[in-house]
Amino acid sequence: MSERLTAVRRALAEAAADRVVECLAEVLTKEYGVDDLDVLLVDYRLSALIPLRSGPSVTRPGDPAWRCFDHQTEVGAGHVTYLPVTARGERMGVLRFIPRPSSEVERAELAEVATLLGHELQAAAAGTDRYTVAARAQRLTLAAEMQWELLPGRSRVGSGFSLAGQLEPAYAIRGDGFDWAEHDGRVSVTVLNGMGDGMTAALLTALAVHALRNARRAGLGLADQAALADQAVFAQHRGASHVEALLLELNLETGEVQVVDAGSPRMMVLRAGEVVEQPLEAQFPLGMFETSDYETQTLRLQPGDRLVIVSDGVSDALGHAGRYGDSALYRFVRRTGGQAPLQAVRSLLGDLRAFVSADLEDDAVAVCLDWTASAG
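Residues numbered from 1 in each chain as written. Predicted model: local features only at pLDDT ≥ 70, side-chain atom pairs only at ≥ 80, totals over all residues. Heavy atoms only, no water.

Peer 1: Which parts of the structure should I look at to understand the side chain of Gln297?
Peer 2: Tracing the backbone through its elements, the reader meets Gln297 in strand β14 (residues 297-300). On the basis of relative accessibility, which here comes to 19%, the residue Gln297 falls in the buried class. Only 2.5 Å separates the side chain of Gln297 from the backbone nitrogen of Glu281, close enough to count as a polar contact. (Helix = DSSP H or I, 4+ residues; strand = E, 2+ residues; numbered from the N terminus. Buried < 20%, exposed > 50% of the residue type's maximum accessible area, 1.4 Å probe, protein only. Polar contact = N/O pair within 3.5 Å; in protein donor to acceptor, adjacent residues only side chain to side chain.)

As structure tokens, then:
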């Protein structure tokens, strides 16, 4: 590692939680001659890149900052350089500074700095609200605050897979949510829809998420995870409220998928450019009855397959032309097949907002999982 990179690492490690970017600006000015540095954080709706330090938000599609974010590569515009700020696939925004790198070595080192910044921002977020607040284009409702705090992130890239999820309406989400975890060559994904509105739905979904995590972390299989969460929700609400959920676990080596369908979230496979609907055995939502037995189904993915999971708030959304419907959903899933998962869910929910011509009346969640079959 070069002395300059060592100096940057030291400065980031020693920076106060709320001054990570300022400390980075100081050390990059000294070591690389960088000027006018800022971080543009992506907002909750994935529709704006908001400068942390100063300046207007970037919302225009095709802007160099958005090209950098979408394609995850360095973009130059005149004297300005943009680099993706990403940690383990979690896209936080872009680093912007002048001038352009003067050599390939400097270009590679600054790209590494942007990745280091991503990891530092994740670590610093536990000790300050600055970056969380800066990424908001408007105030969140309390229910939305709770839902976003439950999420494991919005995107993840690992050996053999790429994964992303998004909620709408981003600033007033109520009962929809998702969760995921990677462990021992497997990826677990859950998509949920809590019954009701506002805080009632948020609290209900939070209970289900924590119950499912508790069961998963105890090493239980999918069916037992669903049963434990079912009992937890019923014990609290005695059948008056329930949570619709889809639980799956992907074996990254074989492509085998174990699935429990406990409600309305639906799953499709995009295979070789065509959408294949996955028929699942519908079972009772979590918490509907005092005791429900759950069974797993087994599916087999092919290398390069994409799983797309959406809540009923997507296909059932109403616009001036009627219902969004399956045809529009399938068409858009096919159209976004060449995009990374985060771009795909962002594009899908953006198209949904355009169809409705306003914020969605019902919650909508979209999760996209690619299996690249490269795990070993």
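Next comes the rest of the write-up.
Peer 1: Is there a simple way to think about the packing of helix α1 (residues 3-14) against helix α4 (residues 104-124) in this case?
Peer 2: Two packed helices can be described by the angle between their axes and the distance between those axes. Between α1 and α4, the shortest axis-to-axis distance is 11 Å and the interhelical angle comes to 15°. In terms of orientation, α1 and α4 fall into the roughly parallel class. At the point where α1 passes α4, the crossing takes the right-handed sense. Across the interface between the two elements, Arg4, Leu5, Val8, Arg9, Leu12 and Ala13 of α1 pack against Glu106, Glu109, Glu112, Val113, Leu116, Leu117 and Glu120 of α4. (Axes fitted to C-alpha atoms, helices over the stretch in contact; angles between N-to-C directions. Parallel < 35°, antiparallel > 145°, perpendicular 65-115°, else oblique. Left-handed = near helix turned anticlockwise from the far one by under 90°. Contact = heavy atoms within 4.5 Å.)

Peer 1: Explain the sheet that holds strand β12 (residues 266-271) to me, please; I cannot follow it from the model alone.
Peer 2: Through backbone hydrogen bonds, the strands of a sheet pair up, either in parallel or in antiparallel fashion. Ordered in space as β6-β7-β18-β15-β12-β13, the 6 strands form an open sheet in which the pairing is antiparallel. Edge strands, defined here as strands with exactly one partner in the open sheet, are β6 (155-158) and β13 (274-277). When strand polarity is set aside, the average angle formed by the axes of neighbouring strands in this sheet is 15°. Running over the sheet, helix α11 (residues 341-356) touches β6, β7 (161-168), β15 (306-310) and β18 (364-371) and is turned about 25° from β7. (Pairing = 2+ DSSP bridges.)

Note that all results are geometric; they support no functional claim without further evidence.
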